[in-house]
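Structural overview for review
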Amino acid sequence: MFNLWNLLFLSFVHFSSFSVSLGGVSGNPFTPKSSFIRYWNKEVHREIPNTHFLLSKVSPLTAVDSASFSKLAAHNNLASRLPSFCSSAKLFCFPDLSPSLEKHSKDVNFAFYLDRNFTNYGSDRLAGLDSFKNYSENDNVVVDSFRRYSRDSAGHKDQFSNYASASNVVDQSFNTYGGAATGGSGNFNNYNHEVNVPNLRFTSYSDDSNGHGQTFTHYTVETNAGQQSFSNYGKNGNGVPNDFTSYGKDSNVMGSDFSGYGKTANGAKDTFTSYAFDSNNPVNGFKSYGDGGNAAVDSFSSYRDQSNVGDSSFQSYAKSSNGAKVDFDNYGQSFNEGTEKFTGYGQGADGQSIGFKIYGRNTTFKDYTKKGVTFSRYSNESSTASGKVVVSKWVEPGKFFREKMLKRGMVIPMPDIKDKMPARSFLPRTILSKIPFSSSEIDQLKRIFHAGDNSTLGTIMLDALKECERPPSPGETKRCVGSAEDMVDFATSVLGRNVEVRTTQNVNGSKKNIMIGSVGKINGGKVTKSVSCHQSLYPYLLYYCHSVPKVRVYEADILDPNSMEKINHGVAICHLDTSSWSSGHGAFLALGSGPGRIEFCHWIFENDMTWTIADS
């Protein structure tokens, strides 16, 4: 029987068979892009140009795919077609790795290799060397799983060089690595160097091994916002030497958890050198470290030295051990104090020797043995490092500047404004409205996007959701948006319908000195309010948008100071009321002064944006 659904279907086919023009853009009227153009033209009092940068972020799905995936989402069945959905909708998803049963009985040299699940790799190997070189370098999402790696091997060596360096998001899991191995060694060199979001897990690492040493050199150096965990590391081992050198150096917000480390081991020797050196806000947790060990030697040299704030916790350290020797040399000499907590330290130990030299401030010692512990120099003052050191290290030159510097002919440094997030697109509202968006529904979201328990993707999603659910700051209006329509709704609810959205044109001039060319004042340079939108890491394109009162917004040509040629067109926002900002904000570290006493400005980075009332 011919009914309304037949009519709608025929209409859809009819309109899909030819192109129409909408707002200057030709295309199928049922695509997400065409739908957004109509929405913009209805909600905003000005037509959107067909080259507008916001259009490039709208979902690239075809009309047919959009309808198909919307139906799957409505029936809570997107997970069944996730790879196709991620590819077609241009999302950020982790690859699904199938187990590999390869044993590799001979020496293997892996070079220029990508994602892989290694199962039963190198087990029972006698001597030989396996080398991973230039593995997953310069990639976007790296997912590797190593299970039963070098288990029960003898005299076998493993070498990881230039592993996943310069990649974006890295998720690597080592499970039962080197278990019951005898002799041989493992070397991690240039491992996860300059990675944006690393998440590394070592579980049952070198347990029950005999003389199987591990060296970590240049490990997670210059990384950003990641996590490492070592669990049951070297448990019941005999004569296992582990050396951590340049571990977490120059990293930003890097966390390390050591749990069950060297438990009931015999003759363990662990050396931590240049650990979390020059890092920003490192969070290190040592729990159940060396408990019940015999004749262990642990050395911490230059631990968290010159770091900025952060938190370190040692719990149940060398408990009930015998003849343990632990030295802390130059521990926690931060130029901006952090927090260190020691609880249950050396309790029940016999014959231990623990030495602290040049020890930082703001440290809590609780329930630790008073016998056999020596403090050579315990500092109760912050480091004498100058404010310039703080600025040069953790506030990039040019990241913040004064309003008076936005004048033609001024030469100023520009920070790195490049977008380091994975490329993604918005979702159509028809799909977005059917996908949960709440931390209370994280299990359902993990199922949809194939994120395992304790996985990097699961953590990424939960972190973003919690930030979106955080109550607004005083005077702030905020909303997280996953569709272009939602962004328009929020911006117009704050600013009205006569709005414009701007961003910096490109990244030229980043990390260099630039010259300011002609300067334009938005709204005539009047004090106004804007809506700023910043990307959050999530499977689909997600922006954290918030209202920013009492600002002035500028546009400026950016010139090469040598050739005087225009290389970019920047958008800068100047915050005039800083009274509610934290005294530790990077702007005050960079410019001096404090909350409420100065204004500060910054560029709008690549793919971020600011909405303002349009110039008439």
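Worth saying up front: this structure is predicted, and the values here are computed from it rather than measured.

What counts, and at which threshold
Residues numbered from 1 in each chain as written. Predicted model: local features only at pLDDT ≥ 70, side-chain atom pairs only at ≥ 80, totals over all residues. Heavy atoms only, no water. Helix = DSSP H or I, 4+ residues; strand = E, 2+ residues; numbered from the N terminus. Buried < 20%, exposed > 50% of the residue type's maximum accessible area, 1.4 Å probe, protein only. Areas by Shrake-Rupley, 256 points an atom, 1.4 Å probe, with all protein chains shown as cover. Expected span 1.5 Å × (residues − 1). Disulfide = S-S within 2.5 Å. Pairing = 2+ DSSP bridges. Core = buried A, V, L, I, M, F, W, Y, C linked by side-chain atoms within 4.5 Å. Contact = heavy atoms within 4.5 Å. Polar contact = N/O pair within 3.5 Å; in protein donor to acceptor, adjacent residues only side chain to side chain. pLDDT = per-residue confidence, 0-100. Axes fitted to C-alpha atoms, helices over the stretch in contact; angles between N-to-C directions. Parallel < 35°, antiparallel > 145°, perpendicular 65-115°, else oblique. Nonpolar A, V, L, I, M, F, W, Y, C, P; charged D, E, K, R; others polar. Salt bridge = Lys/Arg side-chain N within 4 Å of Asp/Glu carboxyl O.

With that out of the way, let us pick up the overall build of the protein chain. For the protein chain, the count of helices and strands is 10 helices and 32 strands. Taking all 616 residues of the protein chain together, the buried fraction comes to 51%. Carbon and sulfur atoms make up 50% of the accessible area of the protein chain, which totals about 26200 Å².

Let's shift gears to helix 9 (residues 484-495). The end-to-end C-alpha distance of helix 9 is 16 Å, a good match for the 16 Å that 12 residues give at a rise of 1.5 Å each. With 10 of 12 residues buried, helix 9 is to be regarded as a mostly interior element. Residues of helix 9 that are buried: A484, E485, D486, M487, V488, F490, A491, T492, V494 and L495. Note on helix 9: the residue one or two positions beyond its end, G496, has a positive phi of about 90°.

Turning our attention to the state of the cysteines. One pass over the structure, following the stated rule, counts 4 disulfides. Two residues, C86 and C93, share a disulfide whose sulfurs are 1.9 Å apart. Its torsion about the S-S bond being -75°, the disulfide of C86 and C93 is classed as left-handed. The two residues C86 and C93 agree in class, both being buried. Each sulfur in the disulfide pair C574 and C601 lies 2.0 Å from the other. Taking the torsion about the sulfur-sulfur bond, which here is approximately 105°, the covalent link between C574 and C601 counts as right-handed. Separated by 27 residues along the polypeptide, C574 in strand 30 (residues 566-575) and C601 in strand 31 (residues 600-603) bring together distant segments of the chain. The residues C574 and C601 share a single accessibility class, namely buried.

Residues F600 and H602 point to one face of strand 31 and C601 and W603 to the other, with burial holding for every one of them. With 4 bridges joining them, strand 30 and strand 31 adopt antiparallel strand pairing. Following the sheet pairing, I573 is matched in strand 31 by H602.

With that out of the way, let us pick up the nonpolar core. In summary, soluble globular proteins display a tendency toward joint burial of nonpolar side chains. One finds F160, F188 and F258 to be the most contacted residues of the largest nonpolar core, which totals 40 residues. Beyond its immediate sequence surroundings of up to four residues, F160 is in contact with F132, F146, Y149, F174, Y177, N187, F188, N189 and Y191. The next biggest cluster of nonpolar side chains, apart from the first, holds 38 residues, and it includes F69, A89, V143 and I435.

The subject of this paragraph is the side chain of T528. Structurally, T528 can be placed in strand 28 (residues 528-536). Under the relative-accessibility criterion, T528 is labelled buried at 13%. Setting aside residues no more than four positions away along its own chain, T528 makes contact with N523, V548, P549, K550, V551 and I613.

By the secondary structure assignment, P95 is in the loop between helix 4 (82-89) and strand 3 (109-111). Among the residues examined, P95 registers a relative accessible area of 31% and is labelled partly exposed. Spatially, the C-alpha atoms of P95 and D144 are 9.8 Å apart, while their sequence positions differ by 49 residues.

What follows is about the side chain of D416. By the secondary structure assignment, D416 is in the loop between strand 24 (411-413) and helix 6 (429-432). There is a polar contact of 3.1 Å between the side chain of D416 and the backbone nitrogen of K418. Among residues more than four places away in sequence, those in contact with D416 are E396, S510, K511 and F605.

This part is about the environment of F300. Looking at where F300 falls in the secondary structure, it is placed in strand 17 (residues 297-303). Look at F300 and you get buried, because its relative accessible area is 1%. It is 6.0 Å that separates the C-alpha atoms of F300 and D327, two residues lying 27 residues apart in sequence.

Our focus in this paragraph is the confidence of the model for the protein chain. As a note on interpretation, predicted positions should not be read in detail where pLDDT is low. The share of residues in the protein chain with pLDDT of 70 or more is 81%, and the mean pLDDT across the chain is 80. Predicted confidence is poor over residues 4-25, with pLDDT under 50, and the contacts of this stretch with residues over four places away or in other chains come to 28 contacts. Contacts from residues 380-392, a stretch scored under 50 in pLDDT, to residues over four places away or in other chains number 17 contacts.

So, on to unusual backbone geometry. Positioned with a positive phi, K511 is a non-glycine residue whose angle comes to about 60°. Mapped onto the fold, K511 is located in the loop between strand 26 (499-502) and strand 27 (513-521).

Let us look at the environment of S70. Inspection of the secondary structure assignment puts S70 in helix 3 (residues 63-74). S70 gets classed as buried once you look at its relative accessible area, which sits at 12%. The sequence separation of S70 and I435 amounts to 365 residues, and the corresponding C-alpha distance is 9.7 Å. Look past the residues within four positions of S70 in its chain and what remains in contact with it is T430, I431 and K434. Side-chain polar atoms of S70 contact the side chain of K434, separated by 3.3 Å.

The interhelical angle for the contact between helix 2 (residues 32-43) and helix 9, taken along N-to-C directions, is 10°, at an axis separation of 10 Å. The angle between the axes of helix 2 and helix 9 places the two elements in the roughly parallel class. Counting all contacts with helix 2, which are made through S35, F36, Y39, W40 and E43, the residues of helix 9 involved are A484, E485, V488, D489 and T492. Residues belonging to the contact of helix 2 with helix 9 are distributed by class as follows: 5 nonpolar, 2 polar and 3 charged.

For the coordinates displayed, the defined rule picks out 16 salt bridges. In this structure, D615 and R502 form a salt bridge, with 4.0 Å as the shortest nitrogen-oxygen distance. In this pair, D615 is assigned in the segment after strand 32 (609-613) and R502 in strand 26, connecting sequence segments 113 residues apart. For D615, a relative accessible area of 30% corresponds to the partly exposed category.

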